Amino acid sequence: MKWLIAALSLVSVQAGALTLTTEDYPPFNFSTDGGKTMTGSSSEIMNEVLKRTGIKATINLYPWERAYKSAQDDKDTCVYSTTRTEAREKLFKWVGPLVSDSWVLYAKADSAITISTLDDAKKHTIGGYQGDAKTVFLKEKGFKIDETMKDEQNVKKLDAGRIDLWVAGNVSGPWIAKSNSVKVKPVLTFKEVQMYAACNLAMPDADIAKMNDAIKAIKADGTSDKFLKAYQ
């Protein structure tokens, strides 16, 4: 079941309202109408946060690197769903966690590739997308990543045999593969992470606290689980 989010439609809002930036990253945040509305489990949670706090917001759908940079550079701006990493910790104020994720290396379903450790994968060509936390992590570990601008391109390259492995999330990977009619299999899960809304450092602490309190309430009353199940 898909829940469309009218509260995050692209409309003019009063000065000083919150701006949310995001990317197409199903099933957490994505659009089926060119960005007029956003759906996905993280989008549902963010919309519920806005409703409970009374914070007004608009949303901009961008390629990931632009969405991320906007939250770094522009006041009253948050980007979601953002993996909270040590390198990013001091760059933002954090709201969440929204959802959990696992980082997985995928191969084609009929591939003979088997790996036991992450280092075993260094001999293979791995596809990732530019600016993504998974790609950055592997590059910092010395992996050479064949980068694309969108994850859909990676699964197509995997299907065509242009890459051996594809790094993706344990939820997003199967979703993207199925959407592109590509059969994949996980060969290694190598990291567990949580994703947040990452907010500009100029965001008022009071607003950050209100949103985090709303997140806690959403989890406590089962609303968050409802949204997550809707996009499994």
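Residues numbered from 1 in each chain as written. Predicted model: local features only at pLDDT ≥ 70, side-chain atom pairs only at ≥ 80, totals over all residues. Heavy atoms only, no water.

1. Notes on the overall build of the protein chain
Applied cut-off: Labels follow the DSSP assignment, with helices taken as runs of H or I lasting at least four residues and strands as runs of E lasting at least two, numbered in each case from the N terminus. As a reference, a globule follows 2.2 Å times the number of residues to the power 0.38, and the radius of gyration itself is taken over C-alpha atoms. Note that accessible areas follow from Shrake-Rupley with a 1.4 Å probe, and for residues the cover is restricted to the protein chains shown.
Across its full length, the protein chain holds seven helices and eight strands. For the protein chain, the C-alpha radius of gyration of 18 Å lies close to 17 Å, the compact-globule estimate for 232 residues. Along the first, second and third principal axes, the C-alpha atoms of the protein chain reach 55 × 35 × 30 Å. About 11100 Å² of surface is accessible on the protein chain, with carbon and sulfur atoms providing 49% of the total.

2. Focus on the packing of aromatic side chains
We count it as follows: When the centres of two rings from Phe, Tyr and Trp lie within 6.5 Å, Trp using its six-membered ring, the rings pair. Their planes under 30 degrees apart give stacked, over 60 give edge-to-face, and anything left gives tilted. Buried means the residue's accessible area, taken with a 1.4 Å probe over protein chains only, is under 20% of the maximum for its type, while exposed means over 50%, and partly exposed covers the values in between.
Scanning the model with the defined rule gives 11 aromatic pairs in all. Centroid distance Phe137 to Phe190: 6.0 Å. Interplanar angle 25°. Geometry classified as stacked. You can see Phe137 sitting in helix H3 (residues 133-140) and its partner Phe190 sitting in strand S8 (residues 184-199), a full 53 residues away along the chain. Classification of Phe137 as buried rests on a relative accessible area of 19%.

3. A few points about the side chain of Asp132
Formally: Throughout, a contact is declared for two residues whenever any of their heavy atoms are within 4.5 Å.
Along the chain, Asp132 turns up in the loop between strand S5 (126-129) and H3. A residue is classified by how much of its surface remains accessible, and Asp132, at 7% relative accessible area, is buried. Other than its neighbours up to four places away in sequence, Asp132 contacts Trp64 and Arg88.

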